[in-house]
Amino acid sequence: MLETTAIQTSRQAFIEQHEQASFYSQPGWLDLLQHVYGFKPTHLESYTAGADDPARSLAGTLTLYTVRSPLAGTHLASLPFSDHTPLLAQNEASALELLEQAIELTRQRKARYLELRTGTNPLLANHPAFVESDLYVTWRLNLESDPALAWLHLRKPVQHQVKKARKNGLSIRVADSTADVATYHRLHVLTRTRKHGMPAQPSAFFHKLWENFAPDKQMILLLAEYEQQPIAGMVLLGSGTTLRYAYGASDERYLRLAPNNLLMWHAIEWGCEHGYRVLDMGRTARDNEGLMEFKRRWGAELTPLPYYYYPRQAGLATTSEQSWKYRLLTSTWKQLPLPVASSLGGLLYRYLG
């Protein structure tokens, strides 16, 4: 059934007014998923009254995408490539109705599993049909209105690294063109391939992100430069009172100059100056001790980020970074030539959702 403009408007108004809505709840993000990866959304909804009641209003909404993989089969996700998408409902009854609809849709489409990336949710944690996975956390740093106050809260070793980067002659520039997006993507492919051993998002992903969100400064791309050469970059996504560190990349040959520390400090400064209250430093695997410690040193607080599955845990998001499967995949991918990794990664990435 084709949706009317009234239905779309009602849903969007509900999302905008819901206090738990995240960056990934926005129409621009859903448009990106469809434009870049070809995913088409299924919007589940619950109402305050029956279909025949003219006074009824929207009480909850849950968007699902069907991800089909030739290797892993079919699964439903809310939402693919999105770290945190809370279940948006007015009350427990509305939330339970949405969950029953999601389970039924999973059965109808004969999907292997359903994945809900809601973060902490007591209703899902106690639901008999769902299994909780706790492989991930996120790190949240409270921001000050004055960057000078934020600086005082940093640990001394972090302050030292930021000062070191400046002494080394590094500078930070806020991107202002699609050429900068292409520059960042080259660094991103380099990092994903050589450091992480994982496929990288296609170039079209970052260009669409720029097109949809940069005009309203909901996407900010920072580039660290050394002797006028970009050596690292960071993508920030802003929504409500939260600024999110979404993607980062760097040329390992220059890590001794501490570009990532200077980028993170600039992100904190930018967030303070633009009225954000929290910097979400991004999803982190619990068993990635190095990255956990990097974020801890900035004074950020660990927040659990559980995902919920029906009828069982499955998929890449439930694979430990210490497992033999994960290490085999990453060690193999690291051997690929960069042009091959870039092209192949762009083709395969949609299956990792």
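Residues numbered from 1 in each chain as written. Predicted model: local features only at pLDDT ≥ 70, side-chain atom pairs only at ≥ 80, totals over all residues. Heavy atoms only, no water.

### So, the overall build of the chain
- Scanning the chain from N- to C-terminus turns up twelve helices and 14 strands.
- Here the chain, with 353 residues, has 51% of them falling under the buried criterion.
- Long-range contacts, defined here as pairs at least 24 residues apart, represent 74% of the contacts in the chain between residues at least 6 apart.
- Put simply, the chain shows about 17000 Å² of open surface, and 50% of that area lies on carbon and sulfur atoms. (Helix = DSSP H or I, 4+ residues; strand = E, 2+ residues; numbered from the N terminus. Buried < 20%, exposed > 50% of the residue type's maximum accessible area, 1.4 Å probe, protein only. Contact = heavy atoms within 4.5 Å. Areas by Shrake-Rupley, 256 points an atom, 1.4 Å probe, with all protein chains shown as cover.)

### A closer look at a nonpolar patch on the surface
- A contiguous nonpolar patch, built from Val 340, Leu 344, Leu 347, Leu 348 and Tyr 351 and spanning about 400 Å² of accessible area, is present on the exposed surface.
- In this fold, Val 340 is placed in helix 12 (residues 338–348). (Patch = residues over 30% accessible without salt bridge, like charges linked within 9 Å, V, L, I, M, F, W, Y side chains within 5 Å. Salt bridge = Lys/Arg side-chain N within 4 Å of Asp/Glu carboxyl O.)

### Some remarks on the confidence of the model for the chain
- For the chain, mean pLDDT is 91; residues scoring 70 or higher make up 94% of the total.
- Averaged over each element, pLDDT in the chain is lowest for helix 11 (residues 324–333) (73) and highest for strand 9 (residues 219–226) (98). (pLDDT = per-residue confidence, 0-100.)

### Considerations on helix 2 (residues 27–37)
- Turning to helix 2, its buried residues number three or more, namely Gly 28, Trp 29, Leu 30, Leu 32, Leu 33, Val 36 and Tyr 37.
- In this fold, the buried residues of helix 2 make contact with strand 1 (41–47), strand 2 (58–69), helix 8 (203–213) and strand 11 (242–250).

### With respect to helix 3 (residues 92–108)
- The terminal C-alpha atoms of helix 3, which comprises 17 residues, lie 24 Å apart, in line with the 24 Å expected from a rise of 1.5 Å per residue.
- Every buried residue of helix 3 is listed here: Ser 94, Ala 95, Leu 98, Leu 99, Ala 102, Ile 103, Leu 105 and Thr 106.
- In this structure Asn 91 caps helix 3, since a side-chain oxygen of it lies 3.3 Å from the backbone nitrogen of Ala 93.
- At the C-terminal side of helix 3, Lys 110 shows a positive phi close to 55°. (Expected span 1.5 Å × (residues − 1). Polar contact = N/O pair within 3.5 Å; in protein donor to acceptor, adjacent residues only side chain to side chain.)

### Description of the pairing of strand 2
- Counting buried residues along strand 2, eleven of its twelve residues qualify, which places the element largely inside the surrounding structure.
- Direction of pairing for strand 1 relative to strand 2: antiparallel, over a ladder of seven bridges. Counted as the bridge partner of Leu 44 is Leu 62 from strand 2.
- Where strand 2 and strand 4 (residues 88–89) come together, two bridges link them in antiparallel fashion. When the bridges of strand 4 are listed, Gly 60 appears paired with Ala 89.
- Pairing of strand 2 with strand 3 (residues 73–78), which is carried by five bridges, proceeds in the antiparallel orientation. Bridge pairing links Ser 69 to Gly 73 in strand 3. (Pairing = 2+ DSSP bridges.)

### Overview of unusual backbone geometry
- Geometrically, the link from Ser 78 to Leu 79 is a cis peptide bond, its omega value of -5° lying close to zero.
- As for its position among the elements, Leu 79 is in the loop between strand 3 and strand 4.
- For the peptide bond that leads from Tyr 310 to Pro 311, omega is -5°, which places it in the cis range.
- By secondary structure assignment, the location of Pro 311 is in the loop between strand 14 (307–310) and helix 11.
- Within the chain, Ala 258 stands out as a residue other than glycine whose phi angle is a positive 65°.

### What about the pattern of salt bridges?
- In the structure shown here, the tally under the stated rule is eleven salt bridges.
- A salt bridge links Arg 107 to Glu 104, with the nearest nitrogen and oxygen atoms 3.9 Å apart. Placement of both Arg 107 and Glu 104 in helix 3 is noted, with a separation of three residues, approximately one turn of the helix.
- You can call Arg 107 exposed: its relative accessible area is 52%.
- Assessed through its relative accessible area of 37%, Glu 104 is described here as partly exposed.
- Taking the shortest distance from any N to any O, the salt bridge between Lys 208 and Glu 211 comes out at 3.1 Å. Note that Lys 208 and Glu 211 are positioned in helix 8 at a spacing of three residues, about one turn of the helix.

### Observations concerning the environment of Thr 191
- Its location among the elements puts Thr 191 in helix 7 (residues 178–196).
- Remark: the alpha-carbon pair of Thr 191 and Tyr 113, spanning 78 residues in sequence, is separated by 31 Å.
- Once residues within four sequence positions are removed from consideration, Thr 191 is found in contact with His 196, Gly 248, Ala 249 and Ser 250.
- A distance of 2.9 Å separates a polar atom in the side chain of Thr 191 from the backbone nitrogen of Ser 250.

### Focus on the packing of aromatic side chains
- Going through the model one piece at a time under the given rule, you end up with 21 aromatic pairs.
- For the pair Phe 39 and Phe 81, a centre-to-centre distance of 6.3 Å together with 15° between the ring planes defines the contact as stacked. Residue Phe 39 is located in the loop between helix 2 and strand 1, and its partner Phe 81 is located in the loop between strand 3 and strand 4; the two are separated by 42 residues in the primary sequence. Take Phe 39 and Phe 81: they sit in the same class, and that class is buried.
- Taken together, a centroid distance of 6.1 Å and an interplanar angle of 55° make the contact between Phe 130 and Tyr 310 tilted. On the criterion of sequence distance, the pair formed by Phe 130 in the loop between helix 4 (122–125) and strand 6 (131–133) and Tyr 310 in strand 14 is long-range, its members being 180 residues apart. Taken individually, Phe 130 and Tyr 310 each receive the classification buried, so the pair is uniform in this respect. (Phe/Tyr/Trp six-rings, centres within 6.5 Å; stacked < 30°, edge-to-face > 60°.)

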